[in-house]
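This is what each chain is made of:
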Amino acid sequence: MQREHIVELVGGGDEATALLRLQLRRAAKQLRAPWRLRRDGDATIDLMVVADAGELPGAELTRCRLIDPNAGASALSYLPWPLTVPQLIELLNARSVAPAPVIAQNIYDDIFDDTPSGFLTLDLDSIPFEMRGSDLMDEAEAFFRRDSRQEQSEALRAMRLPETVAIEATDGDTGAGASRRQLRESLGTQSSARHLAGASFALADYLTGSLLSGPSRVDVDGIQLVLDPRQKQYHANASLCVLEHFVCRTFAVNQWRLMTTQEFAAVRQLWPPRPFAELQWLAAYLSTEPVVSLANDKRYRLRVTLDVQRDYARAARVTRELALGTTLRDAAAAARVTLDEVRRVAMACASAGLLSEA
C-alpha cells in the first residue's frame, strides 16, 4: 500500500485552500500516488504551495510558488494560480516518482585501473533468457562462495571437528531438551515393547529397564500395582509385604495396561506414591542369591531413608543403624538381630543402590 503524500498551502486564505482541496479530488483518479492537504498531526510534507500576491498587499492571488522541503525554494519555480487539474496531475505525478540515487565519482578510479583485478563483469545481454532465473543466482552465489586462497581453505579444513568428537552436555537441563529426550525414550520404549509383547520379565526388570512407556497397571488376585517409570515411583492398594507375590514372579509385557492421564490422576489421589527403591530392596531382600559382598567390619552408611517399619520391623531397626554409619557387627548388636540378618538387609540395600561406604 502506497503512503499518502502531503501538500501544504501557505497563505491564500480559506477560499484558496478549498479550491486546492477540490482540485486534488478531481485529479485523484489519475495520480500515481494518493495526495492530500496537510493536517495538524502531520510531521512532514512533500510539497509546499506558497500563495504569492505580488508586491502589493491585499492584491488578488494570481500566482503561487512551489517549494520542495528537501531541496529548498530553488528547486521549483512560479506557476499561475489557480492550478488547473492537468497542471496538478503533471506536477504531483512527477513528485511521486522517487529520484534515482546519485552515485558520487569514486576518486580511486582515477588512480587505479578502470577494472579492478578480481572482479567479474557480467554481460546480461549475452546470457540466455532461461538462465536469468534461479540458475543464474546459483552460479553467482557459487562464485562468491569460492575462495581461491589456498591457506584459507587449509585453515577452514583444520577447524573442522573430527567425527569422534561429541558435544559436551551443559550444566543443567532445559525444558525443550528434556521433552525431546523423553520423546525419544518413549518412542524407543514403545517400539521395544511391541517387539517384546509376548516376553516375560521379573518385576525388577520393569523397575530398572525401559519396558514401559508410561504409567502402567497390572492386576493380580485383586491387588493392583501401578508403576510410573518417569518419576521412579509406584502406587499400590497393598502394603510392601503383600507385594512379595509380585516381586517373586514374572510378568509379560502385554499384561501391563498403559493408563490414561485421567486414570493415573485418580490413582495418585487414591494411593500415595512410593519410591521404586522399596520394591528393588524387597526383590533383593527375598532373593537367595545376593549379588554383592560386604565385609562385616567395614563401616557402611545408608544414603536414603527406607521406610519398612510397618512390614519388616527387624529390617527397619537395621536400616536405622545403617543410616548412622556403622559396621555390620555393630549394627547387629545395636539392632538386637543376628549378623546374618544384618548382612541380608545391608546387601539388599546395596543391591538397590542405597548403601555406600562410610
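Above this text is the structure in question.
The rules we used
Residues numbered from 1 in each chain as written. Predicted model: local features only at pLDDT ≥ 70, side-chain atom pairs only at ≥ 80, totals over all residues. Heavy atoms only, no water. Helix = DSSP H or I, 4+ residues; strand = E, 2+ residues; numbered from the N terminus. Buried < 20%, exposed > 50% of the residue type's maximum accessible area, 1.4 Å probe, protein only. Contact = heavy atoms within 4.5 Å. Areas by Shrake-Rupley, 256 points an atom, 1.4 Å probe, with all protein chains shown as cover. Pairing = 2+ DSSP bridges. Axes fitted to C-alpha atoms, helices over the stretch in contact; angles between N-to-C directions. Core = buried A, V, L, I, M, F, W, Y, C linked by side-chain atoms within 4.5 Å. Expected span 1.5 Å × (residues − 1). Parallel < 35°, antiparallel > 145°, perpendicular 65-115°, else oblique. Nonpolar A, V, L, I, M, F, W, Y, C, P; charged D, E, K, R; others polar. Salt bridge = Lys/Arg side-chain N within 4 Å of Asp/Glu carboxyl O. Left-handed = near helix turned anticlockwise from the far one by under 90°. Phe/Tyr/Trp six-rings, centres within 6.5 Å; stacked < 30°, edge-to-face > 60°. Lys NZ or Arg CZ within 6 Å of the ring centre and 35° of its normal.

**Q** Explain the overall build of the chain to me, please; I cannot follow it from the model alone.
**A** Looking only at helices and strands, the chain features twelve helices and 15 strands. Every one of the 358 residues in the chain was classed for burial, and the buried ones make up 31%. Put simply, 64% of the contacts in the chain that link residues at least 6 apart link residues at least 24 apart. When the accessible surface of the chain is summed, it comes to about 24,200 Å², and 52% of that surface belongs to carbon and sulfur atoms.

**Q** Mind showing me how you'd approach the sheet that holds strand S2 (residues 35-37) here?
**A** Sheets are built from strands that pair by backbone hydrogen bonding, the pairs being arranged parallel or antiparallel. Reading across from one edge, S2-S1-S3-S4-S5 is the order of the five strands in this open sheet, with mixed pairing throughout. The sheet terminates laterally at S2 and strand S5 (78-80), the two strands that pair on one side only. Neighbour-to-neighbour, the strand axes of this sheet turn through a mean angle of 30 degrees, independent of strand direction. Across three bridges, the pairing between strand S1 (residues 5-10) and S2 is parallel. Directly across from Ile6, in S2, lies its bridge partner Arg36.

**Q** Got a minute to help me understand the nonpolar core in this structure?
**A** Side chains of a nonpolar character, in soluble globular proteins, are inclined to be buried together. Membership of the largest hydrophobic core comes to 51 residues, with the highest contact counts inside it found for Leu225, Leu227 and Trp281. Setting aside residues up to four positions removed in sequence, Trp281 forms contacts with Leu240, Leu306, Val308, Tyr312, Ala315, Val345, Ala348, Cys349 and Ala352. Within the second largest apolar cluster, 20 residues are counted, among which are Leu9, Ala16, Leu20 and Val49.

**Q** Even after reading the chapter, I still don't get helix H10 (residues 313-324), so can you show me in this structure?
**A** A turn of α-helix holds 3.6 residues, and therefore any two residues three or four places apart point the same way. With twelve residues, H10 extends 18 Å between its outermost C-alpha atoms, agreeing within 8% with the 16 Å of an ideal straight helix rising 1.5 Å per residue. Two residues or fewer past H10, Gly325 is found with a positive phi of approximately 85 degrees.

**Q** I tried to follow the packing of helix H1 (residues 13-27) against helix H2 (residues 85-96) on my own but got confused; where do I start?
**A** Helix packing geometry: the angle between the two helix axes and the distance between the axes. Packing of H1 against H2 brings their axes to within 9 Å, and their N-to-C directions diverge by 75 degrees. In terms of their interaxial angle, H1 and H2 are classed as roughly perpendicular. Side by side, H1 and H2 meet where Leu20, Gln23, Leu24, Arg26 and Ala27 of the first sit next to Val85, Leu88, Ile89 and Leu92 of the second. Each residue belonging to the contact of H1 with H2 can be placed in one class, and the counts come to seven nonpolar, one polar and one charged.

**Q** Sorry if this is basic, but what is going on with the sheet that holds strand S15 (residues 355-357) here?
**A** Ordered in space as S14-S13-S15, the three strands form an open sheet in which the pairing is antiparallel. Where the open sheet ends on each side, the last strands, each with one partner, are strand S14 (326-327) and S15. Sheet strands in contact with H10 are strand S13 (299-302), S14 and S15, and its direction is about 110 degrees off that of S13.

**Q** I keep staring at the environment of Gln309 and nothing clicks. Help me out?
**A** On the secondary structure map, Gln309 appears in the loop between S13 and H10. Apart from the residues within four sequence positions on either side, Gln309 is in contact with Ala316 and Arg320.

**Q** Is there a simple way to think about the pattern of salt bridges in this case?
**A** Oppositely charged side chains can form a pair if their charged atoms are brought close together. Summed over the entire model, instances satisfying the criterion amount to nine salt bridges. Ionic contacts of the salt-bridge type, sharing partners, join the residues Glu4, Arg36 and Asp42 into one network.

**Q** Would you mind showing me how to read the packing of helix H11 (residues 328-335) against helix H12 (residues 339-351) here?
**A** For the pair H11 and H12, interaxial distance at closest approach is 9 Å and the crossing angle is 115 degrees. By the angle between their directions, the pair H11 and H12 is classed as roughly perpendicular. Considering only the axes of H11 and H12, their crossing is right-handed. Across from Leu328, Arg329, Ala331 and Ala332 in H11, the residues of H12 making contact are Leu339, Val342, Arg343 and Ala346. When the residues that make up the contact of H11 with H12 are grouped by side-chain class, the tally is six nonpolar, no polar and two charged.

**Q** Could you clarify how one ought to interpret unusual backbone geometry in this entry?
**A** The general pattern is negative phi for most residues beyond glycine and trans for most peptide bonds. Each neighbour pair has its own omega, and for Trp81 with Pro82 the value is 5 degrees, a cis peptide bond. Examined against the element boundaries, Pro82 turns out to sit in the loop between S5 and H2. Even without glycine at this site, Lys232 takes up a positive phi of about 60 degrees. By the secondary structure assignment, Lys232 is in the loop between strand S8 (223-228) and strand S9 (233-236). The exposure class of Lys232 is partly exposed, given its relative accessible area of 42%. The phi dihedral of Arg336 is positive, around 60 degrees, even though this residue is not glycine. Within the element layout of this structure, Arg336 appears in the loop between H11 and H12. What makes Arg336 exposed here is its relative accessible area of 65%.

**Q** It is not clear to me how the packing of aromatic side chains should be interpreted in this structure. Could you clarify?
**A** The description of an aromatic ring pair uses the distance of the two centres, along with the angle that the planes make with each other. Considering all chains together, one arrives at seven aromatic pairs under this definition. Both rings, one in Phe201 and one in Tyr206, keep their centres 6.1 Å apart while their planes meet at 90 degrees; by these two values the pair is edge-to-face. Neither Phe201 nor Tyr206 differs from the other in exposure class; each is buried. Every member of this aromatic cluster is reached through a ring pair, and the members are Phe201, Tyr206, Phe246, Phe251 and Trp256. When the ring centre of Tyr285 is taken as reference, the NZ or CZ atom of Arg344 above it lies at 3.8 Å.

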